[in-house]
Amino acid sequence: MANDASTVFDLVILGGGSGGYAAALRGAQLGLDVALIEKNKLGGTCLHNGCIPTKALLHAGELADQAREGAEFGVKTTFDGIDIEGVHKYKDGVISGLYKGLQGLVASRKVTYVEGEGKLTSATSVDVNGQRYEGRHILLATGSVPKSLPGLEIDGNRIISSDHALNLDRVPKSAIVLGGGVIGVEFASAWKSFGTDVTIVEGLPHLVPAEDESSSKLLERAFRKRGIKFQLGSFFEKAEYTDGGVKVSLANGKEFEAEVLLVAIGRGPVSQGLGYEDAGVAMDRGFVTVDEYCRTNVPTISAVGDLIPTLQLAHVGFAEGILVAERLAGLNPVPVDYAGVPRVTYCHPEVASVGLTEQQAKDAYGADKVVTLKYNLAGNGKSKILKTTGEIKLVQVRDGAVVGVHMVGDRMGEQVGEAQLIYNWEALPAEVAQLIHAHPTQNEALGEAHLALAGKPLHSHD
């Protein structure tokens, strides 16, 4: 393939999603000559098929619920239904604005942006559009796609992935959601707000099984109240077409029918047929394996984001991309503490957490060394005003730092910023307790929880 001096870079990045573009922006900022290669659209899954569009749908759902419930607040509102074209117009407008901003950023940082499907051709080169791009270092950031199960054919009409669900031209009358993790419960929540009859099927014993068990139970209670049905602890067996939709059979013999089946069992890495194995990159079940600095076993190749077996979150991709760029620019960045990454599920009510679950803390420190405290949002003025219920649970090492914060309730995702500082700065309950939190805010509930844990509760019982 043709090659010339203009295509030799300090860093060639394969994939322009959260991890790839963060590395490109930070690398260019630090003086590296960067090429960024993306086969679809800059911004990747998060911007176009993930975080941003799903949260837009959830916000539209929140407005639908508020229209139904106005009378509770003395406001006469009526709900006249969902204009799905209007919802998509709003969602796509949000994406479009962010996309333009990102394109402008990449151009302003003088990153060489290449649109096309790239392939790793050696430890220091990527081929795209018939051109070879040489790099002193290569960053693999090819992301992930929705997974399915053997024998479960996603047709994009009745049996759909999250990609299809985001652009569905109708509000389904009924839906089965296969998978009770983050993606599954977010779609179940949005669809229920739109008026869909929803059933979630999860093989594990709880919804959002990666969260603290108390958060899972609170979410299950809230979903029950909302009329979202779920079947836990039994695995999927088969799906068949019916006259009007899909029938799902489970291992326990139960059957469910609905208009659509959303397969939301997680996302798998995009790593096949891209030349990774040929270049000698070590892999594990499709994931590229890395050390704490995101280095692969090949000295000139790093990998970040959903392609590696870390938390599949856009903000983790950002952090890993920045880490690689700073390392290559000769700085001395600190590895990512994955326990210290905030996690939010944007269903109604929201589930937010940072740090260790109670069980993880007991495993790490011993059951007798772990103290927990639950603060009910019923005691929080702003939560009362918003008519949301839930709680904040703190996990502490006895006489030591708070090592886990777990929150359930509307808008709890907005409280996770302070929670991550508490965990990451190894704060003692007494140190947080002496900080004055604004009243009335939901943020105050975090302060109140720490007051109680420090032995001086204000608006809660001893």
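Residues numbered from 1 in each chain as written. Predicted model: local features only at pLDDT ≥ 70, side-chain atom pairs only at ≥ 80, totals over all residues. Heavy atoms only, no water.

**Comments concerning the overall build of the chain**
Looking only at helices and strands, one finds 13 helices and 24 strands in the chain. The globule rule puts the C-alpha radius of gyration for 462 residues at 23 Å, and the 24 Å found for the chain is close to it. When its C-alpha atoms are laid out on the principal axes, the chain stretches across 70 × 60 × 45 Å. Every one of the 462 residues in the chain was classed for burial, and the buried ones make up 52%. Of the contacts formed within the chain by residues at least 6 apart in sequence, a portion of 62% connects residues at least 24 apart. When the accessible surface of the chain is totalled, it reaches about 20,900 Å², and 52% of it is carbon and sulfur. Computed over 43 positive and 56 negative side-chain charges, the inter-centroid distance for the chain is 4 Å. (Helix = DSSP H or I, 4+ residues; strand = E, 2+ residues; numbered from the N terminus. Rg over C-alpha atoms; globule rule 2.2 N^0.38 Å. Buried < 20%, exposed > 50% of the residue type's maximum accessible area, 1.4 Å probe, protein only. Contact = heavy atoms within 4.5 Å. Areas by Shrake-Rupley, 256 points an atom, 1.4 Å probe, with all protein chains shown as cover. Lys, Arg positive; Asp, Glu negative; His and termini not counted. Charge placed at Lys NZ, Arg CZ, Asp CG, Glu CD.)

**As for unusual backbone geometry**
A cis amide bond links H348 with the next residue in sequence, P349, at an omega value of 5 degrees. Within the secondary structure, P349 sits in the loop between β20 (343-345) and β21 (350-355). Going from H439 to P440, the amide bond is cis rather than trans, its omega being -5 degrees. For P440, the position within the fold is in the loop between α12 (429-433) and α13 (443-453).

**Quick word on helix α6 (residues 182-194)**
Between its first and last C-alpha atoms α6 spans 19 Å; for 13 residues at 1.5 Å apiece the expected length is 18 Å, and the two agree. The element α6 is largely enclosed, with a buried count of ten among its 13 residues. Regarding α6, the residues found buried are G184, V185, E186, F187, A188, S189, A190, W191, S193 and F194. (Expected span 1.5 Å × (residues − 1).)

**Concerning the packing of helix α1 (residues 18-29) against helix α8 (residues 314-328)**
At a minimum axis distance of 7 Å, the contact between α1 and α8 shows a crossing angle of 35 degrees. The handedness of the crossing between α1 and α8 is right-handed. Contacts between α1 and α8 pair S18, G19, Y21, A22, A23, R26 and G27 from the former with A314, G317, F318, G321, I322, A325 and E326 from the latter. Within the contact of α1 with α8, the residues separate by chemical class into seven nonpolar, five polar and two charged. (Axes fitted to C-alpha atoms, helices over the stretch in contact; angles between N-to-C directions. Left-handed = near helix turned anticlockwise from the far one by under 90°. Nonpolar A, V, L, I, M, F, W, Y, C, P; charged D, E, K, R; others polar.)

**A word on the packing of aromatic side chains**
Scanning the entire structure with this criterion turns up three aromatic pairs. Both rings, one in Y21 and one in F318, keep their centres 5.8 Å apart while their planes meet at 55 degrees; by these two values the pair is tilted. Of the two residues, Y21 is situated in helix α1 and F318 in helix α8; the sequence distance between them amounts to 297 residues. You can call Y21 buried: its relative accessible area is 15%. Over the aromatic face of F79 sits the side chain of R68, whose NZ or CZ is 4.2 Å from the ring centroid. (Phe/Tyr/Trp six-rings, centres within 6.5 Å; stacked < 30°, edge-to-face > 60°. Lys NZ or Arg CZ within 6 Å of the ring centre and 35° of its normal.)

**Some words on the nonpolar core**
Among the nonpolar cores identified, the biggest contains 46 residues, and V12, I13, L120, L140, Y276 and V281 are the most heavily contacted of them. For this core, the elements supplying multiple residues, two or more each, are β1 (8-14), α1, β2 (34-38), α4 (84-108), β5 (125-128), β6 (131-140), β19 (301-303) and α8. Look past the residues within four positions of L140 in its chain and what remains in contact with it is L14, L120, Y276, V281, I301, S302, A303, V304 and L307. (Core = buried A, V, L, I, M, F, W, Y, C linked by side-chain atoms within 4.5 Å.)

**With respect to the environment of G135**
Among the structural elements, G135 can be located in strand β6. What makes G135 buried here is its relative accessible area of 5%. Between the C-alpha atoms of G135 and Y90, which are 45 residues apart in sequence, the distance is 40 Å. Among all residues touching G135, those that are not within four sequence positions of it are F9, D10, V12 and T124.

**Things to note about the sheet that holds strand β10 (residues 197-202)**
One open sheet holds the five strands; their spatial order is β8-β15-β9-β10-β11, and the pairing between them is parallel. What marks the edges here is a single partner per strand, and that holds for β8 (159-160) and β11 (229-232). Across five bridges, the pairing between strand β9 (residues 174-178) and β10 is parallel. Looking across to β10, one finds that A175 is bridged to V198. (Pairing = 2+ DSSP bridges.)

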